[in-house]
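# Structure assessment
Each chain, letter by letter, is given below.
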Amino acid sequence: MQAPGGPKEDTSGGFKYGGWIVPYLDDFLGKVMGEQMSKPFELLLGRITFEIFASYWPYHKKEWPGINDVTKYVASNTLTKHEWKNTVFLNDNVVDKIKKLKQRMGPDLQVYGSGNLIQTLLKHDLVDELWLKTFPITLGRGKRLFAEGTIPAAFTLHESKTSPNGVIVASYKRSGEVKTGSF
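The following paragraphs examine the structure supplied in this document.

Rules and cut-offs
Residues numbered from 1 in each chain as written. Predicted model: local features only at pLDDT ≥ 70, side-chain atom pairs only at ≥ 80, totals over all residues. Heavy atoms only, no water. Pairing = 2+ DSSP bridges. Helix = DSSP H or I, 4+ residues; strand = E, 2+ residues; numbered from the N terminus. Axes fitted to C-alpha atoms, helices over the stretch in contact; angles between N-to-C directions. Buried < 20%, exposed > 50% of the residue type's maximum accessible area, 1.4 Å probe, protein only. Arc of directions from axis to C-beta. Contact = heavy atoms within 4.5 Å. Salt bridge = Lys/Arg side-chain N within 4 Å of Asp/Glu carboxyl O.

## Section: the sheet that holds strand β4 (residues 108–110)
The pairing of strands in a sheet happens through backbone hydrogen bonds and is either parallel or antiparallel. The sheet built from four strands is open, its strands ordered β3-β2-β1-β4 with parallel pairing. The outermost strands of the open sheet, each flanked by one partner alone, are β3 (87–90) and β4. With direction set aside, neighbouring strand axes in the sheet form an average angle of 25°. Strand direction decides the pairing type here: strand β1 (residues 41–46) and β4, joined by three bridges, are parallel. The residue of β4 that forms the bridge with L43 is Q110.

Here is the structure:
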C-alpha cells in the first residue's frame, strides 16, 4: 500500500516503486473513487498521509469538491497545528479519541493511506468497513495493510467489481466475531 500515487510520495525503507497504481488508472477507477469521495465524510489520517494531502488537495479542490471543508482528524505525535482549515490533531490517547469520534452521530470517518494508523485501528477493532482495491501487481516490499496483524474479525462482502485493467474493487462490512468449524 506504500506510495501508490508517485515516486516521491513515500520512499521510506528504500521503497522505489512509488506511483505503481498509475498504469492501472482508468475511467472505471475514477468513477469508483468519485463515488467514495462524494459520500458525506470526515477524514481520519496519519501524519504522513496528512502531509501529502495538505500539500496537494487545498490547491486541487475541483478534483475533490468539499475536501477543504470537511473535518480532518490527524493522528500525530509531532504535529499540533497546520494552516489547512478544519484540521484537528489527535496527539495523545489516540485510540480513546477515535473511539469517542466513532460513538458520535455524524458522517463516516474515512481513512486513506495512513498505513501506520491503520495498524492501530485494526489492532483495536476500530474498523467497520474496508474499501479494498487489489491491483494485479506484486512489489515484493513496502508497507502492507495487515503488516502487524489484527484482532480476529469477520467481514461480509458488500460489493465487488473488476476494472477493465484487472483491479478488483471490493467493500467489506464488519459482521461480528470469527466463526470456526470443522469438516
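## Topic: helix α2 (residues 47–56)
All of the buried residues in α2 are T49, F50, F53 and A54. Buried residues of α2 fall within an arc of 130° about the axis and therefore sit on the same side. At its buried positions, α2 is contacted by β1, β2 (72–75) and β3.

## Section: the pattern of salt bridges
Going through the model one piece at a time under the given rule, you end up with eight salt bridges. A salt bridge links E35 to K161; the nearest nitrogen and oxygen atoms lie 3.7 Å apart. Linking E35 in helix α1 (residues 27–38) with K161 in strand β6 (residues 154–162), this pair joins segments that are 126 residues apart in sequence. What makes E35 partly exposed here is its relative accessible area of 36%. If you follow the salt bridges from partner to partner, you end up with E35, E159 and K161 in one network.

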